[in-house]
Amino acid sequence: MAENTIGLKAFGGYIPRLRLQRKSITGANAWIAPNLVGKGKGERSMGNWDEDSLTMAVEAARDLLGTDEDRSHIDALYFGSTTLPFSDRLNSGIISAALTLDHGIQAVDVSSTQRAGTIALLQACNGVAGGANKEALVCAADHRKARAASVQELEFGDGAAALSVGTDNLIAKFIGSHTLTIDFVDHFRGSGEEFDYGWEERWIRDEGYTKIVPEAITAALEKTGVSASDIDHFVMPCTFARLPQKLAKMCGINPDTVTDPLGSVCGETGAAHALVMLVHALQNAKPGEKIMLVHFGGGCDVLIFETTDLIASMSDKKGIVGSLADRQEETNYMKFLTFHGLVEWERGMRGEQDKKTALTTLYRNEDTVMGLVGGRCTETGVVQFPRSRISVAPNKPAVDTQEPYKFADRNATILSWSADFLSFSMNPPNHYGMIVFEGGGRIMMDIGDVTQGEVDSGMEVRMVFRIKDFDDQRGFKRYFWKAVPVRKAVATAQAAE
Amino acid sequence: MARGIKDKVAILGMGCSKFGERWDSGPEELMVEAYLEAMQDAGIEPTQLDAAWFSTHIDEIGTGKGGTPLSVALRLPNIAVTRVENFCASGSEALRGAVYAVASGAADIALALGVEKLKDTGYGGLPVSNPGTLNPQLTPNGSAPGNFAQLASAYRA
């Protein structure tokens, strides 16, 4: 089959470091929701105040792409999410700008269903299979809100995954797929609404999952000629305990192949979760194994992949395994509510500052702001941020000699810093400082993902794409780059224990 | 060749408003207070002023822009008022401008006045403001103490 020549080339993953302990949620809400106390086990991922689906997708994509500056091989970008920051501004276009992808790429937002991630992946496969694209980058991320004291608040998590689809150097071949489109409304979120509205669980389980999923799986197996018993990894997001095993068994698939839905360590990351679980499965897979990916929602998507020998080449990726290991326990439920905008809190008058963004300025400085691209003087080699017509080189301020110079993937350290309780911050104290880059250049910038007492001069940092400011008056979000500590040593130490 | 200002200019008189929270006064009243004291100290009349230099930094919560706030508050005769701004050094910029005017011979007597009224924001410390349209998109939302505090960590490093 022609489809066999396409498949996955690489993966990336991102789960925010903060892991809210579920017992912090259930403990605080026990007075009003005693029925949920039993669910107070494990932890859920929780984006920091400056993270959303878009910033997480960028991180997952950067994990996939690595530090190679040449990204011209990507000619399509798909972004699947039900929590797109903008209703009318191409969200995948923002990701593209942050990743400094070529303007010539085709960028697509996929939304409106929990299957947005798998639909994005399928569209990418179709685009490459049809010859329209050579290599497509697929990102999926979700950052869903839930009401306090709801089941969703406990079950949801934040996270992102990225996959690239192409025709050569495949880590997993795409064997085939089947999709059912059925308007089965297990839950919905009306346009402009903040929260989901769900129907009875028994009905969703018995009439939804149990009837729709097996139909889709059976059709996919028939279509591809793959035998049910050949499936080595059955990957299906589902918050009903043991239901994936039951569905697998109904289809003749060994229930022992069902992979961990990551509920206890991450929570369900919405439209991203199928791809998050797929990346997790790929990190645990051996060459020549068949992976069935299933996602239910307004029907069902089933995709089948087979890993190749090249799967071993991905061992340096952080992926989902590495992201899960890089964690910080959070027990402050109020912080979670505040980050999610569920509490009217006192920001102080300094928090009233108008954060209107001049769009003209943003556009003419697009690669500076979105891509953290500075300049290098072609005569002296001196690098600087931001670029300017006259070079910063003290002994030779040459004019119009600057060429673009990317800072986002360079190692850096903190030179000077402040932990500022005076200026407004969503997570005080407000940390910022002078960041010095390997190879030259320095930027006074925000420092993120840190707690008081943690920052010091000489600390190694890396760049991350984050929300800079909210303009609540106009519904705009401003994005820029921040420095966060390099936690490689911490993650390695944890893995070694 | 530059000859400088040494021995060319004298300060005739000076005045200073009282320090304090000054809930009773706006920048206009503070300007008048300092001006009247300086004029009395110098023993001159407003009609003897040939030009004025005026400085203020955070105009959006003080006087507003331009040189007119000075001429309006002091009811100056028809003389030129130049407004200068250079952060905390704004006052010395005003003095320098006035001194240069006298040294050059363009004026016999010039007035230099700087004013800042920061206590009308509802909170303590320097007010927040937007430095242009690009900087807020790049630079941290810091504070003056937060920026100066970095000297310590940089020195230690």
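Residues numbered from 1 in each chain as written. Chains lettered and ligands numbered in written order. Predicted model: local features only at pLDDT ≥ 70, side-chain atom pairs only at ≥ 80, totals over all residues. Heavy atoms only, no water.

1. Quick notes on the overall build of chain A
Let me state the cut-off plainly: Note on conventions: DSSP H or I runs of at least 4 residues are helices, E runs of at least 2 residues are strands, and numbering of each starts at the N terminus. Values of the radius of gyration come from C-alpha atoms, whereas the globule rule sets the reference at 2.2 Å times the count of residues to the power 0.38. Relative accessibility decides the category of a residue: with a 1.4 Å probe and only protein chains considered, values under 20% of the type maximum give buried, values over 50% give exposed, and everything between is partly exposed.
What chain A contains, in helices and strands, is 13 helices and 22 strands. For chain A, whose C-alpha radius of gyration is 23 Å, the value lies close to the compact-globule estimate of 23 Å for 497 residues. Oriented by its inertia axes, the alpha-carbon framework of chain A measures out at about 75 × 60 × 45 Å. Out of the 497 residues belonging to chain A, those deemed buried represent 57%.

2. Brief notes about the overall build of chain B
We apply this condition: Only the protein chains shown count as cover for residues, with accessible areas throughout obtained via the Shrake-Rupley method and a probe of 1.4 Å. Positive charges are assigned to Lys and Arg, negative charges to Asp and Glu, while His and the chain termini are left out of the count. A charge is said to be at NZ when it belongs to Lys, at CZ for Arg, at CG for Asp and at CD for Glu.
Counting secondary structure elements, chain B contains five helices and three strands. Beginning at the N terminus, the succession of helices and strands in chain B can be written as α-β-α-β-α-β-α-α. Its C-alpha atoms give chain B principal-axis dimensions of about 50 × 45 × 30 Å. When each of the 157 residues of chain B is scored for burial, the buried share is 36%. Total accessible area computed for chain B in this model is approximately 9400 Å², and 57% of it derives from carbon and sulfur atoms. Of the side chains in chain B, 12 bear a positive and 17 a negative charge, and the two mean positions are spaced by 7 Å.

3. Concerning empty space enclosed by the protein
Remark: the empty space left among the atoms is shown by a probe the size of a water molecule rolled over them. Residues and elements named next belong to chain A. Rule in force here: In the cavity and pocket records, a cavity denotes points on a 1 Å grid over the protein atoms alone where a 1.4 Å probe fits but cannot get out, a pocket denotes an open set with protein on both sides within 12 Å along at least 5 of 7 lines, and lining residues are residues with an atom within 4 Å of a point. Grid points are joined across faces, edges and corners, and a volume is the space filled by probe spheres set on the points. Under the grouping applied here, Gly and all other residues not named as nonpolar or charged are polar, the nonpolar ones being Ala, Val, Leu, Ile, Met, Phe, Trp, Tyr, Cys and Pro and the charged ones Asp, Glu, Lys and Arg.
If you walk through the whole model with that rule in mind, you get one cavity of 30 Å³ or more. Quantified by volume, the largest cavity comes out at close to 40 Å³. At the level of secondary structure, the elements contributing two or more residues to the lining of the largest cavity comprise helix 12 (366–371) and strand 22 (476–485). Looking at which element gives the most residues to the lining of the largest cavity, the answer is strand 22, with four residues. By residue class, the composition of the lining of the largest cavity is five nonpolar, two polar and three charged.

4. A closer look at helix 7 (residues 243–250) of chain A
Residue and element names in this part refer to chain A. For the record, the criterion: Our arc is simply the arc of the directions from the helix axis toward the C-beta atoms. Should any heavy atoms of two residues lie within 4.5 Å, those residues are counted as being in contact.
Every buried residue of helix 7 is accounted for by L243, P244, L247 and A248. The buried residues of helix 7 all sit within an arc of 135° when viewed along its axis, so they share a single face. Where helix 7 is buried, its residues touch helix 6 (201–224) and strand 11 (231–235).

5. Looking at helix 4 (residues 116–129) of chain A
The α-helix winds at 3.6 residues per turn, so residues separated by three or four positions along the chain end up facing the same way. Residue and element names in this part refer to chain A. The following threshold applies: One less than the residue count of a helix, multiplied by 1.5 Å, gives the span that helix is expected to have.
Look at helix 4: 20 Å from first C-alpha to last across 14 residues, which is about the 20 Å you get at 1.5 Å a residue. Burial in helix 4 covers these residues: A116, G117, T118, A120, L121, L122, A124, C125, G127 and V128. Positive phi appears at G131, one or two residues downstream of helix 4, with a value of about 90°.

6. Regarding the interface of chain B and chain A
Keep this limit in mind: Reported buried area values correspond to the accessible surface (1.4 Å probe) lost by two parts on association, with both partners' losses combined. In the sections that follow, a salt bridge refers to a side-chain nitrogen of Lys or Arg positioned within 4 Å of a carboxyl oxygen of Asp or Glu. Polar contacts here mean pairs of N or O atoms no more than 3.5 Å apart (in protein, one a potential hydrogen donor and the other a potential acceptor; neighbouring residues in sequence count only if both atoms are side-chain atoms).
In this complex, chain B contributes 28 residues to the contact, which on the side of chain A involves 34 residues. For the pair chain B and chain A, the summed buried surface comes to about 2500 Å²; carbon and sulfur atoms form 53% of the total. Sorting the residues of chain B by area buried against chain A places B:Q137, B:L138 and B:N141 first, and these three jointly supply 29% of that buried surface. Counting the contacts that link chain B with chain A gives one salt bridge. A salt bridge links A:D456 to B:R156; the nearest nitrogen and oxygen atoms lie 3.4 Å apart. At the junction of chain B and chain A, the tally comes to 20 residue pairs in polar contact (both at pLDDT 80 or more). Elements that contribute at least two residues to the side of chain B that touches chain A include exactly helix 4 (135–138) and helix 5 (144–156) of chain B. With eight residues, the top contributor of residues to the side of chain B that touches chain A is helix 5 of chain B.

7. Structural notes on the packing of aromatic side chains
Residue and element names in this part refer to chain A. What counts, and what does not: Any pair of Phe, Tyr and Trp rings, taking the six-membered ring for Trp, is counted once the centres come within 6.5 Å. Such a pair is stacked with planes under 30 degrees apart, edge-to-face with planes over 60 apart, and tilted for the rest.
For the structure on display, the rule yields 16 aromatic pairs over all chains. Judged by centre distance (4.2 Å) and plane angle (25°), the rings of F184 and W203 are stacked. Residue F184 is found in the loop between strand 8 (172–181) and strand 9 (187–188), and its partner W203 is found in helix 6; the two are separated by 19 residues along the sequence. Accessibility expressed as a relative area gives 11% for F184, which makes it buried.

8. Some details on the sheet that holds strand 13 (residues 299–307) of chain A
Residues and elements named next belong to chain A. Put simply, the test is: The pairing criterion is simple: DSSP has to find at least two bridges between the two strands. For every element, the axis is a line fit to its C-alpha atoms; helices are fit only across the contacting stretch, and the angle between N-to-C directions ranges from 0 to 180 degrees.
Strand order in the open sheet formed by nine strands is 5-4-6-7-1-8-13-12-11, and the pairing between neighbours is mixed. The outermost strands of the open sheet, each flanked by one partner alone, are strand 5 (106–110) and strand 11. Taking each pair of neighbouring strands and ignoring which way they run, the sheet shows an average axis angle of 25°. With four bridges joining them, strand 11 and strand 12 (residues 290–296) adopt parallel strand pairing. Counted as the bridge partner of I231 is K290 from strand 12.

9. Overview of the layout of surface pockets
All names here are of chain A. Stated precisely, the cut-off is as follows: Residue ranges labeled as domains rest on an automatic or database domain assignment.
Considering only enclosed or pocket space, the largest pocket measures out at about 1800 Å³ in volume. If you trace the largest pocket, you find 49 residues lining it, with T83, L84, R189, E193 and E194 closest to the centre. At the level of secondary structure, the elements contributing two or more residues to the lining of the largest pocket comprise strand 9, helix 10 (333–339), strand 21 (460–471) and strand 22. Per-element tally for the lining of the largest pocket: the top contributor is strand 21, with three residues. Classifying every residue of the lining of the largest pocket gives 16 nonpolar, 19 polar and 14 charged. In this structure, the lining of the largest pocket is formed jointly by two domains, domain 1 (2–339) and domain 2 (349–372 + 407–496), each of which donates at least three residues.

10. Some details on the environment of B:G62
Within the element layout of this structure, B:G62 appears in the loop between strand 1 (51–55) and helix 2 (68–74). Not counting chain neighbours up to four residues away, the residues in contact with B:G62 comprise B:P27 and B:K117.

11. A short note on the environment of A:D400
Among the structural elements, A:D400 can be located in the loop between strand 16 (383–384) and strand 17 (402–406). With 53 residues separating them in the primary sequence, A:D400 and A:R347 have C-alpha atoms 44 Å apart.

12. A look at the pattern of salt bridges
Residue and element names in this part refer to chain A. On inspection of all chains with the given rule, the structure shows 41 salt bridges over all chains. One salt bridge in this structure joins K145 and E194, with 2.6 Å as the shortest N-O distance. Here K145 is found in the loop between strand 6 (136–142) and helix 5 (151–155), whereas its partner E194 is found in the loop between strand 9 and strand 10 (197–198), with 49 residues between them in sequence. When the shortest N-O distance is used, the salt bridge between K396 and E379 registers 3.0 Å. Remark: E379 occurs in the loop between strand 15 (373–377) and strand 16 and K396 occurs in the loop between strand 16 and strand 17; sequence separation between them is 17 residues. Judged by relative accessible area, E379 falls into the partly exposed class, the value being 48%. Three or more residues are tied together by salt bridges with common partners; here these are D50, E51, D449, R466 and K482.

13. Here's the deal with the sheet that holds strand 3 (residues 110–114) of chain B
Residue and element names in this part refer to chain B. The strand order across the open sheet built from three strands is 2-1-3, with neighbouring strands paired in parallel fashion. Both edges of this open sheet fall to strand 2 (80–84) and strand 3, since each of them pairs with a single strand only. If you compare each strand with its neighbour and ignore which way they point, the axes differ by 20° on average. Note that strand 1 and strand 2 share five bridges and pair parallel.

14. Considering the environment of A:Y197
All names here are of chain A. Inspection of the secondary structure puts Y197 in strand 10. Between the C-alpha atoms of Y197 and V185, which are twelve residues apart in sequence, the distance is 9.8 Å. Ignoring any residue separated from it by four or fewer positions in sequence, one finds Y197 in contact with D186, H187 and F188.

15. Quick word on the confidence of the model for chain A
Inclusion rule: On a scale of 0 to 100, pLDDT captures the predictor's confidence in every residue.
Confidence in the prediction for chain A averages 95 pLDDT; 97% of positions are at 70 or higher. In this model, residues 491–497 of chain A is a region of pLDDT below 50 whose contacts with residues beyond four sequence positions or in other chains number three contacts.

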